[in-house]
Amino acid sequence: MTTDVDQALSPVPLMQLATGFWAFKTLAAAHELDLFSRLSGTAGTTTRELADALAIEARPAEMLLTGCAALGLLEKNDDRYLNSALAEEFLVRGKPYYFGGFVQMLDERLYPGWARLTEAIRTNRPTTWDPDRQNSVFDGEDPRLLAVFWEAMHSLSTFTARALGRTVDLRGSRRLLDVGGGSAAFDIELCRLYPTLTATVYELPKVAAIAAGKVEAAGLSERIEIVAGDFFDDASLPAGHDTILLSMILHDWAEDRARAILQKCWTALPSGGRLIIAELLVNDERTGPPPAALMSLNMLIETEGRNYTPREYHAWLDDLGFQDIGTVWFEAAGANGAVIARKPPASA
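Residues numbered from 1 in each chain as written. Predicted model: local features only at pLDDT ≥ 70, side-chain atom pairs only at ≥ 80, totals over all residues. Heavy atoms only, no water.

Novice: Would you mind showing me how to read the pattern of salt bridges here?
Specialist: It is possible for side chains of opposite charge to pair when their charged atoms get near one another. Counted by the stated rule, this structure contains 19 salt bridges. A salt bridge links Glu 304 to Arg 257, with the nearest nitrogen and oxygen atoms 3.6 Å apart. Taken together, the positions of Glu 304 in the loop between α14 (290-302) and α15 (310-320) and Arg 257 in helix α13 (residues 255-268) put the pair 47 residues apart, joining distant regions of the chain. You can call Arg 257 partly exposed: its relative accessible area is 30%. Residue Asp 319 pairs with Arg 259 through a salt bridge whose shortest N-O separation is 3.1 Å. (Salt bridge = Lys/Arg side-chain N within 4 Å of Asp/Glu carboxyl O. Helix = DSSP H or I, 4+ residues; strand = E, 2+ residues; numbered from the N terminus. Buried < 20%, exposed > 50% of the residue type's maximum accessible area, 1.4 Å probe, protein only.)

As structure tokens, this is what we get:
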């Protein structure tokens, strides 16, 4: 006998979950074939024209165009397919906010690692690199793919920085230290949002060189300093900053090493200084949200860390002596919130 509950249930959500990779691989294939850059600034393409241009059969050309249109990446005008506004803005090579590097990084590096997720779960070891032969995720990595990775992260971080800067009031900050600041995307955007702010990007030497180039291109070399270093090897962090930012950093590390980074932040901050931890935060109930929970699984195949909860960060910061600990929420590609704390004034 069929019950009301049975009638309400449907395998459609499972179908959507199970076929999620179909959409991603459609996007990745179109990007690999340079479809969006090819169409930029043109009157679009017909199926036949694309087939000829790519030296492929009309059948797969039609399927690719149809799939991209269905995903909102292309629009159709009569028999011609054109870039949608989304694709034109983010998937055309050379555009200021080009996001295609992130797609390429996912396709070439993370997709194969995720195919071995069960192995990672069983072994508690990463699958995108070999910890028996490499010291870190970046050790011995293909320089071409590393360059793609940092370009990808710059685009992701730019929009995350804007969301953070509009949610967290930095008008009282004068000098920001961005620990593990990558390509300086956060510093560039935050300095643009706050004209009196200056920043220091503290990064590994190879990445610091990338950051310096980005800062120079943004015309902010007088306000953003680049300092090469390693927050585990160096005795201390650069001093003289009233605000320290850890953006998408702590999720890379196990709890003991994350706490060690926070300890160095505590030491480097002056009395009254602020610490900002921006991450995709898993909720305290550990039931989601999906972007944070799935990013945490991504840490399983990539790092020793995971995505932590606000309650965990609050406890660690409280152990160090931080006060006024709170969490603010926002919506961005790379983070959904920030845990903020203040180092108390020195005792009288």
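The discussion continues.
Novice: Whenever I open this one, the packing of helix α10 (residues 143-167) against helix α11 (residues 185-193) confuses me. Can you help?
Specialist: Helices that pack against each other are described as a pair by the angle of their axes relative to one another and the distance between those axes. Between α10 and α11, the shortest axis-to-axis distance is 8 Å and the interhelical angle comes to 35°. α10 and α11 meet at a crossing whose hand is right-handed. Contact residues: α10 offers His 154, Ser 157, Thr 158, Thr 160, Ala 161, Arg 162, Leu 164, Gly 165 and Arg 166, while α11 offers Ala 185, Phe 186, Ile 188, Glu 189, Leu 190 and Leu 193. Class assignment of the residues belonging to the contact of α10 with α11 gives a composition of 7 nonpolar, 5 polar and 3 charged. (Axes fitted to C-alpha atoms, helices over the stretch in contact; angles between N-to-C directions. Left-handed = near helix turned anticlockwise from the far one by under 90°. Contact = heavy atoms within 4.5 Å. Nonpolar A, V, L, I, M, F, W, Y, C, P; charged D, E, K, R; others polar.)

Novice: What is the right way to read unusual backbone geometry from this model?
Specialist: With omega at -5°, the peptide bond leading from Gly 288 into Pro 289 counts as cis. Positive phi values are uncommon outside glycine, yet Asp 34 reaches one of about 65°. Among the secondary structure elements, Asp 34 is positioned in the loop between α3 (20-32) and α4 (35-39). The residue Asn 124 is not glycine, and still its phi comes out positive at about 55°.

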